[in-house]
Number of protein chains: 2
Amino acid sequence: MAAVPSTDPTELREEATLSAQQSAVARMSRAARLLLNDEPLPPHARTLLNRMCLPVTALWCRVLRFDPSAPNWPDRDRFVVPSTTMLPLLRAMLRLTGSPTANTIPLEYGRHPAVEVAPGLAGQGVAAAVGMAFAEQTLARRFGRSLVNHRTWVLAQDTDLATGVAMEAAQLAGRFGLDRLAVLVSPPAGPDNGDFADSLARFSASGWTVRRVDAGSAAAISSALAATLRARKPTLIACLPSSAPEVLPGPQLPPEEELTGPWSPTARRGATTRRSWLRRFARHRLRNAFEREMQGQRPALFDEDWQRACRWQLRAATGHATQDAGFAVLRALSEILPELVCLTASSAYRLDLAAPVALPATFRARTRMLPAEQSCGIQDHGMAGMLNGIALHGGLLPICAASMMTVDRMRSALRMAALMRRKVLYLLTGDGLALGDGGGGWQPVEQLASLRAMPHLAVFRPCDARETTACWEAALNWQEGPAMLLLCPYENQYGPLPPPAFGTPSRGGYVVKQEDNRQVTLIASGPEVAIALKASHHLARQDIRATVVSIPCWELFAEQPASYRKTVLGTSGLRVGVEAASSFGWERWLGEEGVFVGMDDFGTSAPANALYERFGITVEAICEKVRARLLTSGGERGPSLRTPDQPRTRVRGPLTTRP
Amino acid sequence: MAAVPSTDPTELREEATLSAQQSAVARMSRAARLLLNDEPLPPHARTLLNRMCLPVTALWCRVLRFDPSAPNWPDRDRFVVPSTTMLPLLRAMLRLTGSPTANTIPLEYGRHPAVEVAPGLAGQGVAAAVGMAFAEQTLARRFGRSLVNHRTWVLAQDTDLATGVAMEAAQLAGRFGLDRLAVLVSPPAGPDNGDFADSLARFSASGWTVRRVDAGSAAAISSALAATLRARKPTLIACLPSSAPEVLPGPQLPPEEELTGPWSPTARRGATTRRSWLRRFARHRLRNAFEREMQGQRPALFDEDWQRACRWQLRAATGHATQDAGFAVLRALSEILPELVCLTASSAYRLDLAAPVALPATFRARTRMLPAEQSCGIQDHGMAGMLNGIALHGGLLPICAASMMTVDRMRSALRMAALMRRKVLYLLTGDGLALGDGGGGWQPVEQLASLRAMPHLAVFRPCDARETTACWEAALNWQEGPAMLLLCPYENQYGPLPPPAFGTPSRGGYVVKQEDNRQVTLIASGPEVAIALKASHHLARQDIRATVVSIPCWELFAEQPASYRKTVLGTSGLRVGVEAASSFGWERWLGEEGVFVGMDDFGTSAPANALYERFGITVEAICEKVRARLLTSGGERGPSLRTPDQPRTRVRGPLTTRP
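Cut-off values and rules
- Once a new chain begins, its residue numbering starts again from 1 and follows that chain's sequence as written.
- Chain letters start at A and ligand numbers start at 1, both assigned in the order the entries are written.
- Note on the predicted model: pLDDT of at least 70 is required for a residue's local features to be given, and 80 or more for side-chain atom pairs to be given and counted; whole-chain, interface and lining totals, by contrast, use all residues.
- Working from all heavy atoms in the structure, the side-chain values ignore hydrogens and water.
- Superposition of the copies used a least-squares fit over C-alpha atoms from residues whose pLDDT is at least 70 in both.
- Whether two residues touch is decided by their heavy atoms; if any such pair falls within 4.5 Å, the residues are in contact.
- Starting at the N terminus, helices and strands are each numbered in turn, a helix being any DSSP run of H or I of at least four residues and a strand any DSSP run of E of at least two.
- Expected span of a helix: the number of residues minus one, times 1.5 Å.
- Classification of residues uses two cut-offs on accessible area relative to the type maximum, computed with a 1.4 Å probe and protein chains only: under 20% is buried, over 50% is exposed, and between them is partly exposed.
- Salt bridge criterion: a side-chain nitrogen from Lys or Arg within 4 Å of a carboxyl oxygen from Asp or Glu.
- Strands pair, by our definition, only if DSSP identifies at least two bridges between them.
- Helix axes are fitted only over the stretch in contact, all axes being lines through C-alpha atoms; the angle between N-to-C directions runs from 0 to 180 degrees.
- Roughly parallel means an angle under 35 degrees; roughly antiparallel means over 145; roughly perpendicular covers 65 to 115; every other angle is labelled oblique.
- Left-handed describes a crossing whose near helix is turned anticlockwise from the far helix by less than a right angle; the clockwise case is right-handed.
- When residues are grouped by polarity, Ala, Val, Leu, Ile, Met, Phe, Trp, Tyr, Cys and Pro land in nonpolar, Asp, Glu, Lys and Arg in charged, and all others, Gly among them, in polar.
- Simply put, the buried area is the total loss of 1.4 Å probe accessible area from both parts when two parts are fitted together.
- Here a polar contact means two N or O atoms within 3.5 Å. Within protein one must be a hydrogen donor candidate and the other an acceptor candidate, and residues neighboring in sequence count only if both atoms are side-chain atoms.

## Some details on the relation of the copies chain B and chain A
Thought 1: The operation relating chain B to chain A is a screw motion whose rotation component is 180 degrees, with 0.0 Å of axial translation and a residual RMSD of 0.0 Å. Look at the turn and shift together and you get a two-fold axis relating the two.
Thought 2: Of all interface residues in chain B, 100% are interface residues in chain A too; the two copies therefore contact each other through one and the same surface.

Here is the structure:
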């Protein structure tokens, strides 16, 4: 393995040279202020930015690993700016360090490489930064400090710290000992009711080192940064308004060359650091693995190993519910994908990914690394924010296991993943009416619709173990953003499902049971596919031909060619949707004349099967509704019987779920 | 005013009698344990419940204001049990205090009167309890301590304290000085990584008094409870596992009479307290107002005053955007509805409800009370949880003003309001593409669909000032649960809208502009109604007759008779939906052949008008799509031209928003 540098290359130099460096920092800080003067800013933002000018300049001048010529090399320090308010300071820093793109590319996530996160609701950026620091820690354990040796810095506002998601993430950062994470923050420019002091105290209570420094004192800032580099905990640096009179910048902005030329110690230091990193990287024994994972590529022989490991794990799985299958596939994946990081919402989801599994030694030998697994307890909103940071950091595939019902709590973080189009995989358990006695009316009703409405997110709701494997694969292949598997803990009571009659689960929707000249198409997802299949058998006994369609993923199905969708859904006859969830959005597949069997209310606590009865999601209810509708639509018995000039009865308005 | 009792009637007695009382507590605690022994419980729950037995018994025996014969009298102490895990202890307490319904009615919210909240995600119950304490504080200011003199107690689990919503609510409780709120909690029964200690430290940092007591020591618990009654801050009582050997209950459960007869000091004390409260209430000068508000009834002459105040305030409003109108109506309401409590997400929403307004003195004279208003800062999830508690407490109408984008963060709390069917009003600002330059791709895209999918919630998206007033009224009249107004900060650029041609906004949907023999129905909501109206004028010039429909509230429109909906939506011709949001769910009104003009993506930051262009939500785009569709459907120019045996082109699958 390449030699690990004996000390942190970013470490501050000796006392003797401090004064010269401090004067360089002060000059650059003045220049930054002049640049800020040119920006149109509201007064409170100007106050904040001016106050943070010296601390941020000191960080950039003397500590930050940043090479303007390669703003996204993997071992750079992450400088996270979670809000648009603080972005002008990043722009000033980029200009002063001679970044060629500072003026030409707008500072937006996905456009400028130095923007690490998209601005989101307060606190999301801090949670993402915790995720980045976690990713750094995880990768450093795998590849060593010679390849992974950077820090995460956050330029936060006071509001970022006061939100629940930031507090949860802070607690997780403290628990995981993310000592390479530091947050710079300043009290609000306007009135404050002591909330800022409370925020600091809460971070301190969450296992952080909190340092209060005078934002106008170069010496205080310098020593705080030096202490941060030695810290054994995450650090919060509170930059308090300076009591000393501020050193005002000169009236004139020096020319660009003077700003970015000799004033750019960061750039020179960054370039040197990166060159020496590249030398270490070139001769690192894990170079190929590092490169592959950073580029998000699959390992060689992935498909072959994947099939083999899945078969192995599914055979070893204790049950046949989709939840068992989903976790079996995750275990299989962990055998062949060492970049997998699994955060779990509770120790109840403990997967023991690192435990030895009776698999051919070739698997383990090929990867030689264990995937990481951490429990985040009840703090699943902070966890979801962290997942985004892990995905943003690169080099890891973040997966989380949580309960379906907590998805509401994780929603703002999930939205950020969708907005930034980052690959995060959610395994959500306890789907359906399956929460049982203790649930107290907790059935997910509207969650499914609310998730399907989110752009770039793929929601998978598989019906059996085979479909779960296919959905897992499709989720891994989903390129647009996050993907989600909704898993049910209960086994289907009607026995195994037949193989697809037409199409495959990987196309989002397919025909489970085909009937020629269908009069009815039963469309279902998840555990309700088995109910629909049983209902089709019942209907067959009454001479009603019903085709059964499973749509595990609406997003994928919607992407299929219209001809495929038409073949699956049929062109005539009655369409019936069956899903233990709200009807909202189902008109997309059912049309105006469709029938929906589901639930549009919540608030019942009972065992799952009793709830299926209570909400009328049963074989009998489906058959009853189909018969009733076929009667009212003029005894229609198939497409051939329909006269074209006799329009079908139109039932306008929302679909009803109960008679 | 009736005499306020000189001391808290629940105050603990002198040291001299402590030992006798303590022995009564110990006896009752033993009986409670015996009752718990009968329940089927998982081991960790049993450990927790047994540990909390003595503290809870002491609370019920000696402090709690509770009358088993009237479990929901207004001045009772609120005993909040946020999780199903801790409910067996409440059941035991009810049995021991001789509550007649303890065994007959299941302990579920909405069924048993002693259950104050439905169990929800961890932390929601704590946030609701903060809201209850806030409601108590607010009502005590209005009606005095002779009528409102109770406390809020929470029997929490460690997970309830660790979530973001609980931390936000705790911070708000500290800020508002809710000294009549106390939380009893115990460390987890299983392994704990120091998180419990961190939670306590964070509560302490949020302005709470944190007391650690030995859960097995009657004396320690007694003095902690006594100190809680004197506290000037909200209190957290951490009941730590006892170091002393536990006093095990005897082998036999005494007969029911012995349990509930002489062992029921709570019941006797509660009955006495309630009788004296009833005497004070009978001669209280605000008796009628108190009674009316507790029953949630409107004041006399409400409708008349409301019309007058609305006219007045709308005239005084600075702008004509729905956001201005929405807040003008809120100000009007605050003039005539003193029970209104407004929590705002930021001081930017400061409404100055208490400021004197140039209204006829009769209004103010009739109510004589000022509505309450509090800013909750960035902690809007805690705020939303508090709103539920205010609604659950009774006597107040909780309203909140927040930004549309933060609704994701408040979602789990909002769901609890919908699940418990409590009236909470949300005013959400910044709707539409109106976030402007600084938004950074923050447009609400899927939020509208995700909210419409939630049962019992009514979502209003008005298009102009007149519709805003009508929607406000409909929201006040919505009985099923929470209601929400989505308000836009920008004025419609196409001038004022005409009065309804058919129907009214209060029916959820109506015809804005009627065309006979319509070929096209343009269906829109909010700011897009004006765009649709303009498009209909454009189309008219090309001899295409387009009716314009506004659907401000899907939930109300869905409740209308099918004939009304049919008249509004039309029975033939092309239907076009126009909304600056995701198409998800729009098939309900558009059918399979409809066209949707909206956006199914996010991630753009630009001024609002530029975004309307970017997403193609313009007059030109609508006209273009209408013309294109009319051409492809065989030159169809109206229902009369259509030949019945020529089926219309079916475009299956999801609606597309961009060509």
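## Brief notes about helix α6 (residues 164–176) of chain B
Residues and elements named next belong to chain B.
Thought 1: The end-to-end C-alpha distance of α6 is 18 Å, a good match for the 18 Å that 13 residues give at a rise of 1.5 Å each.
Thought 2: Along α6, the residues that are buried comprise Gly164, Val165, Ala166, Met167, Glu168, Ala169, Ala170, Gln171, Leu172, Ala173 and Phe176.
Thought 3: After α6 finishes, the residue Gly177 shows a positive phi value of roughly 60 degrees.

## A closer look at the pattern of salt bridges
Any two side chains of opposite charge can pair, on the condition that their charged atoms come close.
Thought 1: One pass over the structure, following the stated rule, counts 46 salt bridges over all chains.
Thought 2: When the shortest N-O distance is used, the salt bridge between Asp179 of chain B and Arg232 of chain B registers 3.5 Å. Of this pair, Asp179 of chain B sits in the loop between α6 and β3 (181–185) while Arg232 of chain B sits in the loop between α8 (218–230) and β5 (235–240), and the two are 53 residues apart along the sequence.
Thought 3: With relative accessibility at 66%, the residue Arg232 of chain B sits in the exposed group.
Thought 4: A salt bridge links Glu339 of chain B to Arg292 of chain B; the nearest nitrogen and oxygen atoms lie 2.9 Å apart. Of this pair, Glu339 of chain B sits in the loop between α13 (322–336) and β6 (340–344) while Arg292 of chain B is found in helix α11 (residues 287–294), placing the two residues 47 residues apart along the sequence. Each member of the pair, Glu339 of chain B as well as Arg292 of chain B, carries the same accessibility label: buried.
Thought 5: Put simply, Arg142, Arg292, Glu293 and Glu339 of chain A are held in one network by salt bridges that share partners.

## Notes on the sheet that holds strand β10 (residues 458–460) of chain B
Residue and element names in this part refer to chain B.
Thought 1: Strand order in the open sheet formed by six strands is β7-β6-β8-β9-β11-β10, with parallel pairing between adjacent strands. The strands lining the two open edges of the sheet, one partner per strand, are β7 (372–375) and β10. Neighbour-to-neighbour, the strand axes of the sheet open up by a mean angle of 15 degrees, direction not taken into account.
Thought 2: Summarising the sheet, strand β8 (residues 397–403) and strand β9 (residues 425–429) pair through five bridges and their orientation is parallel. Paired with Ala402 across the bridge in β9 is Leu428.
Thought 3: Along the sheet, helix α15 (residues 380–393) makes contact with β6, β8 and β9, crossing β8 at roughly 165 degrees.

## Here we look at the packing of α13 of chain B against helix α18 (residues 465–477) of chain B
All names here are of chain B.
Thought 1: Interhelical geometry of α13 versus α18 gives an angle of 45 degrees and a closest axis separation of 9 Å. Between α13 and α18, the crossing angle belongs to the class labelled oblique. The handedness of the crossing between α13 and α18 comes out as right-handed. The segment α13 lies against α18, with Thr322, Ala325, Gly326, Val329, Leu330 and Leu333 engaging Ala465, Thr468, Thr469, Trp472 and Leu476.
Thought 2: Across the contact of α13 with α18, the residue classes tally to seven nonpolar, four polar and no charged.

## Topic: the interface of chain B and chain A
Thought 1: Contacts between chain B and chain A engage 74 residues on the former and 74 residues on the latter.
Thought 2: Between chain B and chain A the total buried area reaches about 6,700 Å² when both faces are included, carbon and sulfur atoms providing 57% of it.
Thought 3: Taken together, the links from chain B to chain A amount to 10 salt bridges.
Thought 4: On the surface where chain B and chain A come into contact, there are 23 residue pairs in polar contact (both at pLDDT 80 or more).
Thought 5: Elements with a minimum of two residues in the side of chain B that touches chain A: α5 (158–162), α6, α7 (195–205), α16 (407–419), α17 (447–452), α20 (554–559), α21 (562–569) and α22 (587–590) of chain B.
Thought 6: Ranked by residues supplied to the side of chain B that touches chain A, first place goes to α16 of chain B with seven residues.
Thought 7: Class assignment for the residues of the side of chain B that touches chain A results in 25 nonpolar, 26 polar and 23 charged.

## A short note on unusual backbone geometry
Thought 1: Even without glycine at this site, Asn517 of chain A takes up a positive phi of about 50 degrees.
Thought 2: Residue position: Asn517 of chain A is located in the loop between β12 (510–513) and β13 (520–524).
Thought 3: Despite not being glycine, Arg421 of chain B has its phi angle at roughly 55 degrees, a positive value.
Thought 4: On the secondary structure map, Arg421 of chain B appears in the loop between α16 and β9.

## A short note on the environment of Ser204 of chain B
Residues and elements named next belong to chain B.
Thought 1: Within the secondary structure layout, Ser204 lies in helix α7.
Thought 2: A relative accessible area of 40% places Ser204 in the partly exposed class.
Thought 3: Considered as a pair, Ser204 and Gly174 are 30 residues apart in the sequence and their alpha carbons are 9.3 Å apart.

## Things to note about the packing of helix α19 (residues 528–541) of chain A against helix α24 (residues 619–632) of chain A
Residue and element names in this part refer to chain A.
Thought 1: Look at α19 against α24: their axes get within 9 Å of each other, and the N-to-C directions meet at 55 degrees. In terms of axis orientation, α19 runs oblique to α24. Read as a crossing pair, α19 and α24 show a hand that is right-handed. Contact residues: α19 offers Ile531, Ala532, Lys534, Ala535, His538 and Leu539, while α24 offers Val619, Ile622, Cys623 and Val626.

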